[in-house]
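Below are the chains, spelled out letter by letter.
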Amino acid sequence: MVVVLAGGVGAARFLRGLTAVVAPEDITVIVNVGDDLELHGLRICPDLDSITYWLAGLVHPEQQWGRADERFTVRDELIRLGHEPWFTLGDRDLALHVHRTALLREGMALSAVTADVTRRHGLTLRLLPVTDDRLETRIHTVDGRDLHFQQWWVGERAVPDVARVEYRGAQAARAAPGVVEAIVDADVVIVAPSNPVVSVAPITAVPAVAAALASTAARVVGVSPIVGGRVVRGMAHRLLPAVGADVDATGVAAWYGARSSGGLLDAWIVDSVDAGALPDVRALGMTASATDTLMDDPDIAAALARTVLGLGHAWPQDDRPGGPA
Ligand code: GDP
Ligand code: CA
């Protein structure tokens, strides 16, 4: 079983490659819910939905999130009714939020709703929200405000400087059913090239997940979301400095830390343009390798997935935690 820790679009682009080289039935994706929000009474789960739309072939190709062939009748009517259109909600996308919210209101857990949604989209891999409890990423700005992540990112375009990031609810959150078992029983755990601060960290902030990641016999292999010192897309460059990390491939590896010294990673994959960083990454106490990671075409994503799996399985038996002494 291959386990992937995932945010939204960066993870989805990687999963498109992984599903080409591993049977989807053998993949469990543990997904961030810190970005989730409630709007017009509806529960919206951007990262779960980005992955679902990508893998079901429904994603908007240029935008890379939301639905292709979308229309905005409901949004336009909401504006007419006096609502502020700060968060994009297309009609097709809204239907999923209505469906999900209805099932949640009937008392279904988010993990069960997600299983229903993925099945209805014809997906055979397992998508698991990291928790069924509320976990919300909050951005505390330098100007003293406490904003939901989406208010800061979508509402204010990531302009306000960030003083601190909080994973509200994480300490008390229980892992969703299947999450801990998947990590403990995994052959390899992959940290997708997702935003470290607002996609991966909210997952590892759940105590049961952190404990499973620390104890699993599987190797934990990450892919850098930073290429040549730049984010490929998104706002990680606005957040990494706020948590004390350098905005480059080594900086992210150092922030995650080596599992041998209490961190997350056994191995780190950087882009070919960052091959010069390999000695610094190895000095952190992890295996390191460089390859093409810009997944603009599915073949590159598949080749990257093969490299990740290769590193994940190249574990000297005797070095396994709990393996022969
Ligand atoms: P979000 O939740 O939709 O923002 O998506 P993620 O957290 O999964 O991914 C955002 C991160 O993915 C950003 O830091 C991007 O730089 C990174 N990313 C996106 N596409 C690629 C890619 O093709 N290659 C690499 N290496 N990183 C990528
Ligand atoms: Ca996200």
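Quick note: structure is the one above.
Residues numbered from 1 in each chain as written. Chains lettered and ligands numbered in written order. Predicted model: local features only at pLDDT ≥ 70, side-chain atom pairs only at ≥ 80, totals over all residues. Heavy atoms only, no water.

Peer 1: I tried to follow the environment of Ala-254 on my own but got confused; where do I start?
Peer 2: Looking at the element boundaries, Ala-254 is found in helix α11 (residues 249-256). With relative accessibility at 43%, the residue Ala-254 sits in the partly exposed group. (Helix = DSSP H or I, 4+ residues; strand = E, 2+ residues; numbered from the N terminus. Buried < 20%, exposed > 50% of the residue type's maximum accessible area, 1.4 Å probe, protein only.)

Peer 1: Got a minute to help me understand unusual backbone geometry in this structure?
Peer 2: The phi angle of most residues is negative, glycine excepted, and most peptide bonds adopt the trans form. Of note in the backbone geometry, His-40 takes a positive phi value of approximately 55° without being a glycine. Its location among the elements puts His-40 in the loop between β3 (37-39) and β4 (42-44). Of note in the backbone geometry, Gln-64 takes a positive phi value of approximately 75° without being a glycine. Relative to the elements of secondary structure, Gln-64 occurs in the loop between α2 (46-55) and α3 (73-80). Residue classification places Gln-64 among the buried positions, given a relative accessible area of 17%.

Peer 1: Hey, could you run me through the coordination of the calcium ion (ligand 2) in this one?
Peer 2: Tetrahedral coordination by four donors sets the ideal angle at the metal to 109.5 degrees; octahedral coordination by six donors sets it to 90 or 180 degrees. Donor atoms from the polypeptide that coordinate the calcium ion (ligand 2) comprise Asp-35 (OD), Asp-47 (OD) and Asp-47 (OD), at 2.0 to 2.8 Å from the metal. Separated by twelve residues along the polypeptide, Asp-35 in the loop between β2 (27-31) and β3 and Asp-47 in helix α2 bring together distant segments of the chain. Given a relative accessible area of 6%, Asp-35 falls into the buried group. For Asp-47, a relative accessible area of 6% translates into the label buried. (Donors = N, O, S within 2.8 Å, 3.2 Å for Na, K, Ca; no water.)

Peer 1: Would you mind showing me how to read the nonpolar core here?
Peer 2: Nonpolar side chains tend toward joint burial in soluble globular proteins. Residues Val-4, Leu-18, Val-29 and Trp-268 are the most contacted members of the largest nonpolar core, which totals 94 residues. The next biggest cluster of nonpolar side chains, apart from the first, holds eight residues, and it includes Leu-37, Leu-39, Phe-87 and Leu-89. (Core = buried A, V, L, I, M, F, W, Y, C linked by side-chain atoms within 4.5 Å.)

Peer 1: Is there a simple way to explain the sheet that holds strand β1 (residues 2-6) in this structure?
Peer 2: Through backbone hydrogen bonds, the strands of a sheet pair up, either in parallel or in antiparallel fashion. In space, the seven strands of this open sheet follow the order β5-β2-β1-β9-β10-β13-β14, with parallel pairing throughout. With partners counted over all chains shown, the strands left at the sheet margins are β5 (126-129) and β14 (287-291), one partner each. Looking at each pair of strands side by side, their axes are set apart by 20° on average, direction ignored. Where strand β10 (residues 219-223) meets strand β13 (residues 267-271), three bridges bridge the pair, whose relative direction is parallel. Across the sheet, the residue bridging to Val-221 is Ala-267, located in β13. The strands touched by helix α1 (residues 9-21) are β1, β2 and β9 (188-191); relative to β1, the strand with the most contacts, the crossing angle is about 165°. The strands touched by helix α13 (residues 298-313) are β1, β9, β10, β13 and β14; relative to β10, the strand with the most contacts, the crossing angle is about 150°. (Pairing = 2+ DSSP bridges. Axes fitted to C-alpha atoms, helices over the stretch in contact; angles between N-to-C directions. Contact = heavy atoms within 4.5 Å.)

Peer 1: Mind showing me how you'd approach the site of ligand 1 here?
Peer 2: Every one of the 21 residues lining ligand 1 counts as a neighbour, but Arg-13, Ser-194, Ser-199, Val-232 and Thr-293 are closest to it. Separating an oxygen atom of ligand 1 from a backbone N or O atom of Gly-10 is a distance of 3.2 Å. Contacts to ligand 1 include Pro-193, whose backbone N or O atom sits 2.8 Å from an oxygen atom. About the coverage of ligand 1: the protein hides 95% of its 590 Å² of free accessible area. Looking at the shell around ligand 1, the element that brings in the most residues is α1, giving four residues. (Near = heavy atom within 4 Å. Polar contact = N/O pair within 3.5 Å; in protein donor to acceptor, adjacent residues only side chain to side chain. Areas by Shrake-Rupley, 256 points an atom, 1.4 Å probe, with all protein chains shown as cover.)

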